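Chain residues, written in single-letter form:
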Amino acid sequence: MKGKGIESKPPVYQWKGKPLNAGWVTTFNEYAVVSENRLTVIPDDFDLEVAPLFGCAVTTGLGVINNNARVKIGESIIVFGAGGIGLNVIQGAALVSAFPIIAVDLYANKLELAKRMGASHLIQYRPENLKQDIENITGAGGADVAVDNTGNPAIIQLAYELTKPQGRTILVGVPKKGNMISIYSLPLHFGKVLTGSHGGETEPHEDIPRYIRLFQSNRLELKELITDRFTLDEISAAIEKMKMGEIAGRCLVTCAP
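If you're wondering where the values come from, they're calculated on a predicted model, not measured in any experiment. (Residues numbered from 1 in each chain as written. Predicted model: local features only at pLDDT ≥ 70, side-chain atom pairs only at ≥ 80, totals over all residues. Heavy atoms only, no water.)

Draft legend 1. Looking closely at the sheet that holds strand S8 (residues 193–196). Taken in spatial order, the six strands make up an open sheet running S5-S4-S3-S6-S7-S8, and their pairing is parallel. Looking at which strands have only one partner, the edges of the open sheet turn out to be strand S5 (121–124) and S8. Strand after strand, the sheet turns through a mean of 15° between neighbouring axes, direction not considered. The pairing of strand S7 (residues 163–171) with S8 spans four bridges and is classified as parallel. (Pairing = 2+ DSSP bridges. Helix = DSSP H or I, 4+ residues; strand = E, 2+ residues; numbered from the N terminus. Axes fitted to C-alpha atoms, helices over the stretch in contact; angles between N-to-C directions.)

Here it is, written out as structure tokens:
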């Protein structure tokens with residue numbers, strides 16, 4: 001997300017004699033040229049193991065609650081996908097006293113961490129029973145807010161169906177190109193909302209200092225989100241473990257030689 005400052009032209013990197021796809025921020029490298037407006041000043045003594053979480057997981061997750069869904073005290077929320085962003089959507093929902101906070105995921109280890117982040121109800125994904133399992137908690141009227149982090153068209157459609165007639169469905173996950181969704185659009189004319197999130201509409205220079213204060217006041221759990229550590233040489237194994245659901249939270253990759 002853009003903050004204050006100059007936006008430079010994206011650098012061109014070479015790898016094995018060929019140009020490497022990159023933008024204003026790159027990853028998995030020891031050195032990078034980064035545009036000024038993609039940098040946010042943090043305190044000199046801030047924990048550098050925690051700081052990378054502000055790159056996406058924390059800022060997007062909390063931004064979904066604060067800026068996209070604008071969740072109010074006591075509103076109900078369903079979170080599909082309890083990965084890095086989903087865990088922080090849950091944590092943000094708990095901070096504003098939403099209830100119930102329903103976490104849905106394929107993996108039990110992720111749901112266990114979701115509970116620690118503030119989920120009041122946990123549902124391990126079973127497509128044949130999912131709608132009924134959720135309605136047993138929310139009631140037939142549905143939830144005030146549903147957040148999809150999966151990008152799965154079937155889950156997006158279900159999230160939309162499970163929100164109230166004037167509820168909000170927020171899409172964080174993005175379907176693969178060509179994968180379409182099918183919805184009954186009439187409720188959109190009477191107050192129902194279906195919208196996409198762009199990084200939680202975060203303003204880094206304004207939001208990150210606020211989140212740092214919350215962390216320093218023990219109101220935000222961030223260290224608990226880092227459940228695994230890898231070196232840069234182990235990056236392929238780290239990605240594979242993420243794909244397989246073996247990593248409950250975030251993995252920290254050490255890029256220094």
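Draft legend 2. How the structure looks around the nonpolar core. Ranked by size, the top nonpolar core spans 41 residues in total, and within it Phe54, Val58, Ile77, Val89, Ile90, Val147 and Leu222 carry the most contacts. Going through the elements one at a time, helix H1 (57–69), strand S3 (77–80), helix H2 (84–95), strand S4 (101–105), helix H3 (108–117), strand S6 (143–148) and helix H6 (204–216) are the ones with two or more residues in this core. When sequence neighbours within four positions are dropped, the list of residues in contact with valine 89 reads Gly61, Val64, Ile65, Ile77, Val79 and Val147. Phe80, Ala146, Ala159 and Leu162 belong to the second largest nonpolar core, which has 13 residues in total. (Core = buried A, V, L, I, M, F, W, Y, C linked by side-chain atoms within 4.5 Å. Buried < 20%, exposed > 50% of the residue type's maximum accessible area, 1.4 Å probe, protein only. Contact = heavy atoms within 4.5 Å.)

Draft legend 3. Region of the structure containing the pattern of salt bridges. Counted by the stated rule, this structure contains twelve salt bridges. With its nearest N and O atoms 3.4 Å apart, the salt bridge here joins glutamate 221 to arginine 116. Of this pair, glutamate 221 sits in the loop between H6 and strand S9 (226–231) while arginine 116 sits in helix H3, and the two are 105 residues apart along the sequence. We classify glutamate 221 as partly exposed; its relative accessible area is 26%. (Salt bridge = Lys/Arg side-chain N within 4 Å of Asp/Glu carboxyl O.)

Draft legend 4. Looking closely at the environment of valine 104. With respect to the helices, strands and loops of the structure, valine 104 is situated in strand S4. Through-space distance from the C-alpha of valine 104 to that of leucine 130 is 8.9 Å; in sequence the pair is 26 residues apart. Valine 104 has contacts with Ile78, Val79, Phe80, Gly81, Ala82, Leu111, Ile123, Tyr125, Leu130 and Ile134, leaving out every residue within four places of it along the chain.

Draft legend 5. Summary view of the side chain of glutamate 75. Looking at the secondary structure, you find glutamate 75 in the loop between H1 and S3. The exposure class assigned to glutamate 75 is buried, which follows from its relative accessible area of 13%. A distance of 2.9 Å separates the side chain of glutamate 75 from the backbone nitrogen of lysine 72, its partner in a polar contact. (Polar contact = N/O pair within 3.5 Å; in protein donor to acceptor, adjacent residues only side chain to side chain.)

Draft legend 6. Summary view of the packing of aromatic side chains. Counted by the stated rule, this structure contains two aromatic pairs. Between phenylalanine 46 and phenylalanine 54, the aromatic rings sit 5.9 Å apart at their centres with planes inclined by 40°, giving tilted as the arrangement. Each member of the pair, phenylalanine 46 as well as phenylalanine 54, carries the same accessibility label: buried. Aromatic side chains phenylalanine 46 and phenylalanine 215 sit 5.6 Å apart centroid to centroid with 70° between the ring planes, which places their arrangement in the edge-to-face category. With a gap of 169 residues between them, phenylalanine 46 in the loop between strand S2 (18–20) and H1 and phenylalanine 215 in helix H6 connect regions that are remote in the sequence. By relative accessible area, which is 16% here, phenylalanine 215 ends up buried. Clustering of aromatic rings is evident, with ring pairs tying together Phe46, Phe54 and Phe215. The cationic tip of lysine 192 hangs over the ring face of tyrosine 160; the distance from NZ or CZ to the ring centre is 4.3 Å. (Phe/Tyr/Trp six-rings, centres within 6.5 Å; stacked < 30°, edge-to-face > 60°. Lys NZ or Arg CZ within 6 Å of the ring centre and 35° of its normal.)

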